[in-house]
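Coordinates in review
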Protein chains: 2
Amino acid sequence: MGIAHKMAKKQKEISIAEFFEKNKQILGFDSLTKAMVVSVKEAVDNSLDACEEARILPDILVIVESVGKDEYRIIVEDNGPGIVRKNIPLVFGKLLYGSRFHAIRQSRGQQGIGISAVVLYGQLTTGKPARIISKIREDEVAYEVILTIDTKKNEPKVIKETPIIWDREEGTHVEVTIRGRYIRGKQSILEYLQQTAIVNPHAQITFVDPDGRKIIFKRAADILPQPTREIKPHPYGIELGQLLNMARSTKAYRLTSFLTTEFSRVSPKIAEEICKKAYLYGDMRPKDLTIEEAKRLMESFNKVKLMAPPTDCLSPIGENLIKKGLKNVLGSLKPGFYARPITREPKVYGGNPFIVEAGLVYGGELPKDQPVKILRFANRVPLLYQQGG
Amino acid sequence: MGIAHKMAKKQKEISIAEFFEKNKQILGFDSLTKAMVVSVKEAVDNSLDACEEARILPDILVIVESVGKDEYRIIVEDNGPGIVRKNIPLVFGKLLYGSRFHAIRQSRGQQGIGISAVVLYGQLTTGKPARIISKIREDEVAYEVILTIDTKKNEPKVIKETPIIWDREEGTHVEVTIRGRYIRGKQSILEYLQQTAIVNPHAQITFVDPDGRKIIFKRAADILPQPTREIKPHPYGIELGQLLNMARSTKAYRLTSFLTTEFSRVSPKIAEEICKKAYLYGDMRPKDLTIEEAKRLMESFNKVKLMAPPTDCLSPIGENLIKKGLKNVLGSLKPGFYARPITREPKVYGGNPFIVEAGLVYGGELPKDQPVKILRFANRVPLLYQQGG
């Protein structure tokens, strides 16, 4: 057998779970301290997203318990809508499974890889399965599921599923044991939760640290963030390949209707104008679009005046609540001044709209001899590891 | 329908190709200039690895052509063993497919995600398919394959496959068109190839830049790197979950034989000692190992004296060839001194052995007014974006 055939015999498919098991740094598990924050973050992101989607004021309990040298049990429990029984194993035991991946709208976790990656990291480093309890309103009982991930297949392996009586009407409880290191101060779980509380003044977050100390970030406002709506991509900044993909899979028969139905802010009149500037017939079939024609189309996007993208896919915090969030969490430091928070005009990048917001406190009992502290967030998620200086 | 059921309807599987399409920065495509270097790198890594495996002195041609604003055609052609016909679409058109992922041995690309990610990035940004020609020695003809990736399924979509007459006896030619920006100087394709030539003195690399200029990095030595052998993991630094996985899937019936057959450097005598120190019966079934027992086993690994891991899975460059490589590529700067290169003792991290090597040149016509330049490499691959200062 020749060498090429010998090599061919070794070529085979790799499961995504095996891939991430070997490349856990890609998902943020590159140090014992960071693994702790990432694990809490993924679970809390899910809780906040689920509560908002169900229009529930979030009440989240985070417990970190030391269970051995460099080994911690992380528990996150919420009052969210719960997960239907048959999906529990998939949500926690399968990488690349999720509900928010394909939608253009603001959410925290959206890659379908967050919480299942934590389960994977836990079983890799401690050998211990994850324990989930979830109850939805319609069911009489909650379901307790003990599971691991079959990394060779990227499928959940349910060790035990038990219907149990739970005192909550609805909610989800996740319990994962991981190898990690608990720290205080900078880039710690506490700092992450504190910052999360600032930008989510509608959430109540209770944290019990490994020493059993309880810290409560009280709800600062009984107002849920405005519900977000899924939108179509905006023409600005879209990639050529993405445009071609959309043109091939659209149900529209004419180029103009393709533009008006698949994009934000393209009216029939603007669609005609775009086609004209691209030297294309408005009633050609989108599927027939060649690469060269698609390029001309993209160039025309920039030659017409398009309205800024709709912002109802976004949920800015707003002046009032930024101030409330800052006051609630930093109030004990008695800052001298709260500058008026700013919410900028929406912009668009890669077809996705975004809004920049900023708040500022200074003076008072804030330490004078330390450099300015910048807290950065994206989609209401603190960027602990990408902070400005 | 309750909210939990509504949310469940939206939960679905995400293909790995869709995931990386949305998260291309994870794979290194986070800027137009970096995308160029990464694309060349992935193809060249594959060529070098394939040649070494087939014991062929690599002769690699890299061509970068400008084909439009911010659009480049990248061609990499080698004299390697070629790829068997039926595997061509999978190697280039399916993410997470490869031959080196599961093996512990030194290789450059090993994640099964390199070259197919380039194809994905190319089609996303330019809409253009990849073109591959490959011929293996046993076949009369070469096969030309034009393909894209079906991102929804993560499967290759072959547009055209043609048997063609090729003047090479064996080899592979890859052609991908991507959106990028060509730069000279730091972190450029030229710098990447130059550094690659330094640590691969057995390779001849020819580069044709977008202006048609041809630069040849001549082969400095007709000696192929020592062939690498796949090894078992070394007990030091293995993760608990990995140990449990291995214990569950082993064919060994007894704990001692599990230790001697699945690990490097564990003799029957040492295996007995490990079991004893872990208070475990040497003839217990590995499958029955509990988490607590596995932990004791891991602690015992560190209580016995184990030989350093075998190094035949590694292929150090060696004193002589480091010097030759440096001379060959930097010789025109006439450095005054070549310090004697160093090859350190092998160490082990996470069960994987590694060796540190270093070479040093100074004086001569090297610029005196510039800071010291450190070139870092891993597995003979230049770390252009993680250089020391």
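Residues numbered from 1 in each chain as written. Chains lettered and ligands numbered in written order. Predicted model: local features only at pLDDT ≥ 70, side-chain atom pairs only at ≥ 80, totals over all residues. Heavy atoms only, no water.

1. Looking at the domain arrangement of chain A
- Domains assigned within chain A are domain 1 (16-217) and domain 2 (240-301).
- The straight-line distance from the C-alpha centre of domain 1 of chain A to that of domain 2 of chain A is 42 Å. (Domains from an automatic or database assignment.)

2. Description of the relation of the copies chain B and chain A
- Take chain B, turn it by 180 degrees, move it 0.0 Å along the axis, and it overlays chain A with an RMSD of 0.0 Å. This pairing of chains is accounted for by a two-fold axis.
- When you check the interface residues of chain B against chain A, 100% turn up at the interface there too, and the contact is symmetric in its surfaces. (Least-squares fit on C-alpha atoms with pLDDT ≥ 70 in both. Contact = heavy atoms within 4.5 Å.)

3. Here's the deal with the packing of helix α8 (residues 255-262) of chain B against helix α9 (residues 268-277) of chain B
All names here are of chain B.
- In contact at an axis separation of 9 Å, α8 and α9 are set at 125 degrees when each is read in the N-to-C sense. One way to sum up the angle between α8 and α9 is to call them oblique. In terms of crossing hand, the pair formed by α8 and α9 is right-handed. Where α8 approaches α9, its residues L255, T256, L259 and T260 are matched on the opposing element by P268, A271, E272, I274 and C275.
- Classifying every residue of the contact of α8 with α9 by side-chain character gives six nonpolar, two polar and one charged. (Axes fitted to C-alpha atoms, helices over the stretch in contact; angles between N-to-C directions. Helix = DSSP H or I, 4+ residues; strand = E, 2+ residues; numbered from the N terminus. Parallel < 35°, antiparallel > 145°, perpendicular 65-115°, else oblique. Left-handed = near helix turned anticlockwise from the far one by under 90°. Nonpolar A, V, L, I, M, F, W, Y, C, P; charged D, E, K, R; others polar.)

4. Brief notes about the interface of chain B and chain A
- Each partner contributes to the interface: chain B provides 61 residues, whereas chain A provides 61 residues.
- Interface of chain B and chain A: buried area, both sides summed, is about 5300 Å²; carbon and sulfur atoms make up 58% of it.
- Put simply, chain B and chain A have 16 residue pairs in polar contact (both at pLDDT 80 or more) between them.
- Elements represented by at least two residues in the side of chain B that touches chain A include exactly α1 (3-10), β1 (12-13), α2 (16-22), α3 (32-53), β4 (97-98), α5 (114-126), α7 (240-249) and α10 (291-301) of chain B.
- For the side of chain B that touches chain A, the residue count by class is 25 nonpolar, 20 polar and 16 charged.
- The sheet contact formed by strand β4 (residues 97-98) of chain A and β1(B) spans two bridges and is antiparallel. Bridge pairing links G98(A) to K12(B) in β1(B). (Buried area = accessible area lost by both parts, 1.4 Å probe. Polar contact = N/O pair within 3.5 Å; in protein donor to acceptor, adjacent residues only side chain to side chain. Pairing = 2+ DSSP bridges.)

5. Focus: the nonpolar core
- F92(A), L193(A), F92(B) and L193(B) are the most contacted members of the largest nonpolar core, which has 131 residues in total.
- The contact partners of L193(A), leaving out residues within four places of it in the chain, are V40(A), V44(A), V62(A), I205(A), F207(A) and F217(A). (Core = buried A, V, L, I, M, F, W, Y, C linked by side-chain atoms within 4.5 Å. Buried < 20%, exposed > 50% of the residue type's maximum accessible area, 1.4 Å probe, protein only.)

6. Thoughts on the pairing of strand β7 (residues 155-164) of chain B
All names here are of chain B.
- Taken together, the nine bridges between strand β6 (residues 142-150) and β7 define a ladder with antiparallel strand orientation. Within β7, the residue paired with I146 across the bridge is K160.
- The turn joining β6 and β7, which pair antiparallel and follow one another in sequence, is formed by four residues; a positive phi near 50 degrees is taken by N154.

7. A short note on the confidence of the model for chain A
- Residues at a pLDDT of 70 or more form 96% of chain A, whose mean pLDDT is 88.
- Taken together, the chains of this predicted complex give a pTM of 0.83 and an interface ipTM of 0.77. (pLDDT = per-residue confidence, 0-100.)

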